[in-house]
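# Fold and geometry: a report
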Amino acid sequence: MRSLTRTLVLVATGLLGTIPAAAAQIAQESVDLDVVRAIREEGLERSQIEYLAGYLTDVIGPRLTGSPAMFEANDWTAEKLGEWGLQNVTVEPWGQFGRGWDNLSFSGRIVEPYVQILNALPVAWTASTRGTAKGAATIVAADSTVDLEQYKGMLKGKFVLMQSPQVMEPEFDPRPLRQSLDDLFAPAEPVPERDDEARRRRMAQWRRRGAMRDSINEFLKGERVAGVLYPSSRTYGNLRVFGMSSARNPENEIPGPALVISHEQYGQIWRNIERGVPVKLEVEIKNEFYDDDL
């Protein structure tokens, strides 16, 4: 958002400062100031942004692509545009995204070494649990499918942690709520150019990581683990949830249950396992997949 704001301001100031020859012709056309004034009044005095944003977030809620809420938001938006007088409003299909997915319910808690609510959310496009899954948490140290062989037959009913907790330094200075004018109007830093070969290497690396992740998920599902736990990359209990994008493909197998857990709580589970203190969890996840409109 910050970079977008800077870009918009720089574009605006750039257009005001120097107008290219092609744009100068447009600038010489007559401007209907009454229309400009009406637009300003509509935005500044009769804005519906609070109502629109409130309905989308508070009533319809999260709108993951392909989910029922996304379709509801699309139809609601089209209806609103029609109410405002726009004609021929339609919701257009595009491409093929894949399976839709939605989390219907989630509940979880740590029951040992002491009872506490599990601050977590399901990873998108992962499976439900079979009722309430109860099991011990365990660390699996593996960077490849070869490393996983040592765990064969040992993970059934376990909650698996594979990523060591990220070290996050404390913040002693509060983050600014607004960007200063100096920063806002500072020249944008040039984006380093990547040659075609570097771009190909990066794409190949990304594909290898994805294939490795899929192989590991397939192995864990075959071992019938209770679930896979991932740490959130945000502090203060904030959950930054991602999705298993490969599971959107209806030809691919659906990964087993997976959760993103708060950074602090994930670290607590990890440390207790390393201490040799048993950690046990109870988790129930109900997810839904939608294949009727890919």
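Conventions adopted
- Residues numbered from 1 in each chain as written.
- Predicted model: local features only at pLDDT ≥ 70, side-chain atom pairs only at ≥ 80, totals over all residues.
- Heavy atoms only, no water.
- Pairing = 2+ DSSP bridges.
- Helix = DSSP H or I, 4+ residues; strand = E, 2+ residues; numbered from the N terminus.
- Buried < 20%, exposed > 50% of the residue type's maximum accessible area, 1.4 Å probe, protein only.
- Contact = heavy atoms within 4.5 Å.
- Core = buried A, V, L, I, M, F, W, Y, C linked by side-chain atoms within 4.5 Å.
- Axes fitted to C-alpha atoms, helices over the stretch in contact; angles between N-to-C directions.
- Phe/Tyr/Trp six-rings, centres within 6.5 Å; stacked < 30°, edge-to-face > 60°.
- Lys NZ or Arg CZ within 6 Å of the ring centre and 35° of its normal.
- Parallel < 35°, antiparallel > 145°, perpendicular 65-115°, else oblique.
- Left-handed = near helix turned anticlockwise from the far one by under 90°.
- Nonpolar A, V, L, I, M, F, W, Y, C, P; charged D, E, K, R; others polar.
- pLDDT = per-residue confidence, 0-100.
- Salt bridge = Lys/Arg side-chain N within 4 Å of Asp/Glu carboxyl O.

A word on the pairing of strand β4 (residues 133-139). Here four bridges tie β4 to strand β8 (residues 280-290), and the two strands are oriented antiparallel to one another. Considered in β8, the bridge of Lys 134 is made with Glu 282. Here β4 runs beside strand β5 (residues 159-161); their pairing, made up of three bridges, is parallel. Bridge pairing in β5 links Thr 138 to Val 160.

Relative to the elements of secondary structure, Ser 262 occurs in the loop between β7 (258-261) and α9 (263-275). Of the residues examined, Ser 262 reaches a relative accessible area of 4% and is grouped as buried. Apart from the residues lying within four places of it in its own chain, the contact partners of Ser 262 are Asn 119, Ser 232, Gly 237 and Leu 239.

Of all hydrophobic cores here, the largest spans 21 residues; its most connected members are Val 140, Leu 155, Leu 220 and Tyr 230. Elements with a minimum of two residues in this core: α8 (196-222), β6 (227-231) and β7. Leu 220 has contacts with Leu 155, Met 162, Val 225 and Val 228, leaving out every residue within four places of it along the chain. Core analysis: the second largest hydrophobic core is formed by 19 residues, Ile 110, Leu 229, Leu 259 and Trp 270 among them.

What follows is about the sheet that holds β5. The sheet built from eight strands is open, its strands ordered β2-β1-β8-β4-β5-β6-β7-β3 with mixed pairing. Here the strands that pair on one side only, and so sit at the sheet edges, are β2 (116-117) and β3 (120-122). Where α9 meets the sheet, it contacts β1 (100-112), β2, β4, β5, β6, β7 and β8, and its direction lies at approximately 70 degrees from that of β4.

It is worth spelling out the packing of aromatic side chains at this point. This model, assessed by the stated rule, comprises seven aromatic pairs. Among the aromatic residues, those joined into a cluster by ring pairs are Tyr 51, Tyr 55 and Trp 76. Seen from the ring of Phe 97, Arg 248 lies directly overhead, with NZ or CZ sitting 3.9 Å from the centre. Over the face of the ring belonging to Trp 125 we find Arg 248, whose NZ or CZ atom lies 5.9 Å from the ring centre.

As a further point, take the packing of helix α4 (residues 49-60) against helix α5 (residues 68-83). At their nearest, the axes of α4 and α5 sit 11 Å apart, and the two run at 155 degrees to each other. Between α4 and α5, the interaxial angle falls into the category roughly antiparallel. Relative to α5, α4 is oriented so that their crossing is right-handed. When α4 is examined against α5, the residues Tyr 51, Leu 52, Tyr 55, Leu 56 and Ile 60 are found in contact with a partner set consisting of Ala 69, Glu 72, Ala 73, Trp 76 and Lys 80. For the contact of α4 with α5, the per-class residue count stands at eight nonpolar, no polar and two charged.

This brings us to the confidence of the model for the chain. Model confidence for the chain is summarised by a mean pLDDT of 86, while 91% of its residues fall at 70 or above. By mean pLDDT, the top-scoring element of the chain is β3 (97), and the lowest-scoring one is helix α1 (residues 2-17) (40). In the model, residues 1-19 has pLDDT below 50 throughout and makes 16 contacts with residues more than four positions away in sequence or in other chains.

Let us now look at the pattern of salt bridges. Scanning the model with the defined rule gives eleven salt bridges in all. Among the ionic pairs, Glu 282 bridges to Arg 109, the shortest N-O distance being 3.1 Å. Here Glu 282 is found in strand β8, whereas its partner Arg 109 is found in strand β1, with 173 residues between them in sequence. Judged by relative accessible area, Arg 109 falls into the partly exposed class, the value being 34%. Overlapping salt bridges, with partners in common, bring together Glu 197, Arg 200 and Arg 201 in one network.

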